[in-house]
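# A closer look at the structure
Here is how the chains run, residue by residue.
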Amino acid sequence: MADRYVLAVDQGTTSTRSLVFDRGGRMVAVRQREHRQYFPRPGWVEHDPMEIWANTRRTAAQVLADVGGAGEVVALGIANQRETTVVWERATGRPVLRALVWQDTRTAELVAELVARPEAPLVRERSGMATAGYFSGPRLRWILEHVPRAQERAERGELLFGTMETWLIWNLTGGPDGGVHVTDVTNASRTLLMDVRTCRWDPDLLAFFGIPAAMLPEIRPSVGVLGVATALPQALPITGALGDQQAALFGQACFAPGEAKCTYGTGSFLLQNTGTELVHTRSGSISTVAYQLAGEPVHYALEGSVAVTGALVQWLRDGLGLIGSAPEVETLARTVDDNGGCYVVPAFSGLLAPHWRGEARGLVAGLTSYVTKGHLARAVLEATGWQTRDVVQAMAADSGLSLPALRVDGGMTTNNLLMQFIADVLDTPVVRPMVGETVSLGAAYAAGLAVGIWSDVEALRRNWHRAAQWTPSRGRAEALDAEYPRWERAVQLSIAWGAPPEPGVR
Ligand SMILES: Nc1ncnc2c1ncn2[C@@H]1O[C@H](COP(=O)(O)OP(=O)(O)O)[C@@H](O)[C@H]1O
Ligand SMILES: O=P(O)(O)OC[C@H](O)CO
């Protein structure tokens, strides 16, 4: 009998990848296409949804051809960049403007107005999230205010809203000709419009943001039938969809409360499974949906989202020209023994968790003539470690859960110096699995579970194998504990720097 395979689409911030996995969780084919990044104004970041749809269709068709007759591809799972917001015409499938990407900061003023309203605490209570421009709700509000007649057209049901998985599923299942308008519950949890306890659109939140219910997709479990993709060379049931960071949690087999992963890429996203009980957050982490299997209760996670980690290394390379490639940051950092008293806070577009201060701006603190580019490189890497500690502390305060180990993935995890620093600064072992493609693997797992490729999550757990581990160095945690207040002070300075000056102060 031919092997049974699963197709996964990983629709990310910079590219779209289609991958095919076998039952052992091994990747047997992969195709990738980058899409253009549009920066029409400072702080604005846009993608062309039509380009992303074309890339999805093309890469998926390519991998299906690549595996050819070798095995039978039986299901499709989707993982996507989260919070990126698309609005399109139901009748034509044409987006009303380009997608507003999760990194886009144009809603800053709008968010400040919303936060000042007396009903604002409702947002955290109901959605589990912070009222921040990072999430989709404010972007959708912005679109309805700025695209001519969008509000009235949305109210009449002529316009549809979706995050990337919704947009892709609608197109895959027929677009204007009967496309299915659905979202998975993890993506819906990032909109600020869903009650995180009931997992339904919340009328009070819709009223708060002024969003017409007629434009919203139906919320569905992450694992279960979402539709049939008829727009591919082979019709395939779409049986899994997850936001990419939740997909990485799934692909890392973090199914038990306390198990956690952090994906270290352009930004970093630490998610810790908290089980089927919702955790109320007060310390700056957010309560998000981890996943839901059809017919089963929702599993929740706490999340610490950090906007800039690998992007700071890119800045060292492209902005300052101090290194020629990202891996060179480790060589440069190893030319010195410590940070020389230097701290870099990469608040390029404000700070996300646990501070949620959109106005913060980046800074380099502690400069003396002693500091060299080696110290700066070390401070750049340490910024990722310190930010990880910030979010882990907030999550521990919110959940009371300990962190026995941190599973890691993403481009920065090839940096041994950084991974050791993270193990030391958290005083926790850091482990990396054999399969680094955790996002797409998670999407494949979700889709494959629904069609019986894997019997249950325990079968997925057995596929997880450790490739590398970093253990805390003896005595280092105490030294870093003592140093941590300096980092915290640098963060406070970066927030103060971005705040409007007090009246009378020049
Ligand atoms: N050896 C390294 N040390 C530090 N940072 C690295 C290293 N290799 C890659 N990076 C950073 O990792 C990021 C790319 O990781 P990736 O997981 O591909 O990110 P994304 O999925 O967000 O595009 C880049 O920001 C790059 O600067
Ligand atoms: O596409 P990525 O990997 O940059 O992930 C983006 C996150 O989903 C944003 O919340």
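Source: prediction; values computed, not measured.

## Section: the UniProt feature "binding site: glycerol" (unreviewed entry) in the chain
In this numbering, the UniProt entry assigns the feature "binding site: glycerol" (unreviewed entry) to Arg82, Glu83, Tyr134, Asp244 and Gln245. The residues touching Arg82, leaving out its near neighbours within four places in the chain, are Trp102, Thr163, Asn187, Arg190, Gly243, Asp244 and Gln245. Relative to the helices and strands, Asp244 is located in helix 9 (residues 244–251). Owing to 29 C-beta atoms within 10 Å, Asp244 belongs among the buried residues under this scheme. The contacts of Asp244, once residues within four sequence positions are left out, are Asp10, Gly12, Ala79, Asn80, Gln81, Arg82 and Val439.

## Describing the UniProt feature "binding site: ADP" (unreviewed entry) in the chain
If you check UniProt for "binding site: ADP" (unreviewed entry), the listed places come out as Thr13, Arg17, Thr266, Gly310, Gly411 and Asn415 in our numbering. Across 403 residues of sequence, these annotated residues are also dispersed in space, with a maximum C-alpha separation of 23.7 Å. With respect to the helices and strands, Thr13 occurs in the loop between strand 1 (3–11) and strand 2 (15–21). Overall, the presence of 20 C-beta atoms within 10 Å leaves Thr13 in the buried class.

## Examining the packing of helix 10 (residues 310–319) against helix 12 (residues 373–399)
For the pair helix 10 and helix 12, interaxial distance at closest approach is 8 Å and the crossing angle is 160°. By the angle class used here, helix 10 and helix 12 are roughly antiparallel. Between helix 10 and helix 12 lies a crossing of right-handed hand. Contacts between helix 10 and helix 12 pair Leu312, Val313 and Leu316 from the former with Ala377, Val380 and Ala383 from the latter. Its residues assigned to classes, the contact of helix 10 with helix 12 comprises six nonpolar, no polar and no charged.

## Focus on the nonpolar core
It is characteristic of soluble globular proteins that their nonpolar side chains tend to be buried jointly. With 154 residues, the main nonpolar core has Val6, Leu7, Val380 and Ala443 as its most contacted residues. In terms of residue count, the dominant contributor to this core is helix 12 (eleven residues). Ignoring sequence-local partners within four residues, the contact set of Val6 consists of Phe21, Val73, Val74, Ala75, Gly77, Ala444, Ala447, Gly448 and Ile453.

## Section: helix 6 (residues 164–172)
Within helix 6, nine of the nine residues are buried, which leaves the element mostly enclosed by the surrounding structure. Where helix 6 is concerned, the buried positions are Met164, Glu165, Thr166, Trp167, Leu168, Ile169, Trp170, Asn171 and Leu172.

## Section: the sheet that holds strand 5 (residues 71–80)
What the six strands build is an open sheet, ordered 3-2-1-5-14-13; its pairing is mixed. The sheet terminates laterally at strand 3 (27–34) and strand 13 (223–229), the two strands that pair on one side only. The average undirected angle you get between the axes of adjacent strands in this sheet is 25°. In terms of strand pairing, strand 2 meets strand 3 through seven bridges, oriented antiparallel. Each bridged residue has a counterpart across the sheet, and for Leu19 the counterpart in strand 3 is Val30. Of the strands in this sheet, strand 1, strand 5, strand 13 and strand 14 (236–243) are in contact with helix 6, which crosses strand 5 at around 140°. Against the sheet, helix 9 makes contact with strand 1, strand 5 and strand 14, and its axis sits at roughly 100° relative to strand 14, the strand it touches most.

What counts and what doesn't
Residues numbered from 1 in each chain as written. Chains lettered and ligands numbered in written order. Predicted model: local features only at pLDDT ≥ 70, side-chain atom pairs only at ≥ 80, totals over all residues. UniProt positions renumbered as here; feature names shortened; annotations may be inferred. Contact = placed C-beta atoms within 7 Å. Helix = DSSP H or I, 4+ residues; strand = E, 2+ residues; numbered from the N terminus. Buried ≥ 20, exposed ≤ 12 C-beta atoms within 10 Å, placed from the backbone. Axes fitted to C-alpha atoms, helices over the stretch in contact; angles between N-to-C directions. Parallel < 35°, antiparallel > 145°, perpendicular 65-115°, else oblique. Left-handed = near helix turned anticlockwise from the far one by under 90°. Nonpolar A, V, L, I, M, F, W, Y, C, P; charged D, E, K, R; others polar. Core = buried A, V, L, I, M, F, W, Y, C linked by C-beta atoms within 7 Å. Pairing = 2+ DSSP bridges.

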